[in-house]
Amino acid sequence: MRTTIKDIAAATGLSVTTVSLVLNHKPSGISSATRERVLKAAKEMDYRPNQLAVGLIKRRTNTIGLLVPDIRNMFYSAIAKEAEHACRKKGWTVMLCNTGDQHKRELEYIRVLGSRGVDGIILGISSDGNDEKTQESCELTRSLGIPLLLLDRTVQGSAVVVDHKKGGFLATEHLIKLGHRRIACITGPSYLQGSISRVEGYRQALSQYGIPFDESLLVEGGYMMQNGEEGVLKLADKQYTALFAFNDMMAYGAYKALRRQGKSVPDDVSVVGYDDIFFSEILEVPLTSVRQPLEELGSAAASLLMEIANGETENKVIQFEPQLIVRKSTAKPKE
């Protein structure tokens, strides 16, 4: 059973009030000898404060909620790992919620976290979360009085983001420099800013190198592996020598579909992904990918939210730079 203040009072022969004042570091006229006596007994009896009770008194729980669309996606699991690590170093805890990529469940979890008294929420918006739905989530957290930080989305308030326009440019420029001119894309949902920015970077690279933009080479996906497979099927009647998938999971799906079509990566089609998650390096054909600094994203998100919850800083947006990681999935096109 958990040791209580009453147990320590009984063991030391002191009053509950005296023990409580010492353990809660309250200013009082208690002698140093008595303080030492209480602290020694607390250590020997393995006393740990009831954090829920402390939170009710202080109206603080030193807990943040982390909502992710799909914890199976290495993008989110890597961020969750680093966010938890950053919180743990500060003595905070993380409540992880998997929304299943559903906006309705996202709202349900926000309400649950509010009832648990979390001091802030880090929110990875579900892929069906257009601007209107994102605004609804933001408004709900505001109505509950909970500080909110968005992952990879800027609407209002605080966020940690990556320069996706630059990422789209880097991926496309790499393929162009290899000699590719017919570069297909499997994008993310067309209403998500990250996907829009990647397309902007793609088009900027084409324009800069004098290559006409062909809208028929763009297929909308949804950031899941099956979307990569579906995207390759939709491109079956198109002529292209390179493919830019807007995340690594879709690139994996593209690998599978291309193989079924009898095409080899990179001999027949060069493939570039986005995120550079762990598995991309250990594939049979290691994937060239635009690296998002996932560890830095997770750590920065948690650190910034804790600072906001503590009143140490105002809302702000932190932007990170992407980096192209070249591996064996890209090569010069066949003559």
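Look a little higher up for the structure.
Residues numbered from 1 in each chain as written. Predicted model: local features only at pLDDT ≥ 70, side-chain atom pairs only at ≥ 80, totals over all residues. Heavy atoms only, no water.

Draft legend 1. Representation of the overall build of the chain. Helix and strand content of the chain: 12 helices and 12 strands. The C-alpha radius of gyration of the chain comes to 26 Å, more than 25% above the 20 Å expected for a compact globule of 335 residues. Viewed in the frame of its principal axes, the chain has a C-alpha envelope of about 90 × 40 × 30 Å. Sorting the 335 residues of the chain into buried and exposed places 49% on the buried side. Residue pairs in contact within the chain that sit at least 24 positions apart in sequence constitute 73% of those at least 6 positions apart. (Helix = DSSP H or I, 4+ residues; strand = E, 2+ residues; numbered from the N terminus. Rg over C-alpha atoms; globule rule 2.2 N^0.38 Å. Buried < 20%, exposed > 50% of the residue type's maximum accessible area, 1.4 Å probe, protein only. Contact = heavy atoms within 4.5 Å.)

Draft legend 2. Examining the nonpolar core more closely. Judged by nonpolar contacts, the single largest core of 67 residues is most densely connected at I122, V232, Y240, L243 and V271. Ranked by the residues each element gives to this core, the list is headed by helix α12 (residues 294-309), at nine residues. Excluding residues within four positions of it along the chain, V232 makes contact with I186, Y240, L243, A254, A257, L258 and Q261. If you look at the next biggest cluster of nonpolar residues, it comprises 16 residues, including L67, L113, V118 and L148. (Core = buried A, V, L, I, M, F, W, Y, C linked by side-chain atoms within 4.5 Å.)

Draft legend 3. Looking closely at the side chain of S158. Within the secondary structure layout, S158 lies in strand β5 (residues 158-162). Of note is the side chain of S158, whose polar atom sits 3.1 Å from the side chain of N315. The contacts of S158, once residues within four sequence positions are left out, are L148, L149, L150, L304, I308, N315 and K316. (Polar contact = N/O pair within 3.5 Å; in protein donor to acceptor, adjacent residues only side chain to side chain.)

Draft legend 4. Here's a closer look at the pattern of salt bridges. Counting across every chain of the model gives 11 salt bridges. Note that K81 is salt-bridged to E82, the shortest N-O span being 3.5 Å. (Salt bridge = Lys/Arg side-chain N within 4 Å of Asp/Glu carboxyl O.)

Draft legend 5. Fine view of the environment of S195. The residue S195 is located in helix α9 (residues 193-208) in this model. Owing to a relative accessible area of 2%, S195 belongs among the buried residues under this scheme. It is 18 Å that separates the C-alpha atoms of S195 and V232, two residues lying 37 residues apart in sequence. Here S195 is in contact with T187, G188, P189, Y223 and F246, once residues within four sequence places are set aside.

Draft legend 6. Representation of the side chain of S126 in the model. With respect to the helices, strands and loops of the structure, S126 is situated in the loop between β3 (120-123) and α7 (131-143). A residue is classified by how much of its surface remains accessible, and S126, at 0% relative accessible area, is buried. At 3.4 Å, the side chain of S126 forms a polar contact with the backbone nitrogen of H103. With sequence-adjacent residues up to four places away left out, S126 is seen in contact with P69, T99, D101, Q102, H103, E106 and R153.

Draft legend 7. Representation of helix α3 (residues 32-44). With 13 residues, α3 extends 18 Å between its outermost C-alpha atoms, agreeing within 8% with the 18 Å of an ideal straight helix rising 1.5 Å per residue. In this structure, the buried side of α3 is in contact with α1 (5-12) and α2 (16-23). Of the residues trailing α3, D46 is marked for its positive phi of about 55°. (Expected span 1.5 Å × (residues − 1).)

Draft legend 8. Highlighting the sheet that holds strand β12 (residues 323-325). On the basis of which strands lie adjacent, the open sheet formed by six strands has the order β7-β6-β8-β9-β10-β12 and mixed pairing. Lying at the two open borders of the sheet, with one neighbouring strand each, are β7 (218-220) and β12. On average, adjacent strands in this sheet sit at an angle of 20° to one another, irrespective of strand direction. Here helix α10 (residues 225-234) sits on the sheet in contact with β6 (183-187), β7 and β8 (242-245), set at roughly 140° to β6. (Pairing = 2+ DSSP bridges. Axes fitted to C-alpha atoms, helices over the stretch in contact; angles between N-to-C directions.)

Draft legend 9. The arrangement of α10 in detail. Burial in α10 covers these residues: N227, G228, E229, G231 and V232. The elements touched by buried residues of α10 are β6, β7, β8 and α11 (248-260).

Draft legend 10. Focus on the sheet that holds strand β1 (residues 63-68). Across the sheet, six strands lie side by side as β2-β1-β3-β4-β5-β11; this open sheet has parallel pairing. The sheet is open, and its two edges are formed by β2 (93-98) and β11 (317-320), each paired on a single side. Each adjacent strand pair in this sheet contributes to an overall mean axis angle of 15°, direction not counted. The sheet contacts of α12 involve β1, β3, β4 (148-151), β5 and β11, and relative to β5 the element is tilted by about 165°.

Draft legend 11. Spotlight on a nonpolar patch on the surface. A cluster of nonpolar side chains, namely F278, F279 and I282, defines an oily patch on the protein surface of about 320 Å² accessible area. The class of F278 is exposed, set by a relative accessible area of 51%. (Patch = residues over 30% accessible without salt bridge, like charges linked within 9 Å, V, L, I, M, F, W, Y side chains within 5 Å. Areas by Shrake-Rupley, 256 points an atom, 1.4 Å probe, with all protein chains shown as cover.)

Draft legend 12. Geometry of the pairing of β3. Covered by surrounding structure in β3 are G120 and I122 together with I121 and L123, the residues of both alternating faces. Where β1 and β3 come together, four bridges link them in parallel fashion. By the bridge assignment for β3, I64 is matched with G120. Here three bridges tie β3 to β4, and the two strands are oriented parallel to one another. Counted as the bridge partner of L123 is L150 from β4.

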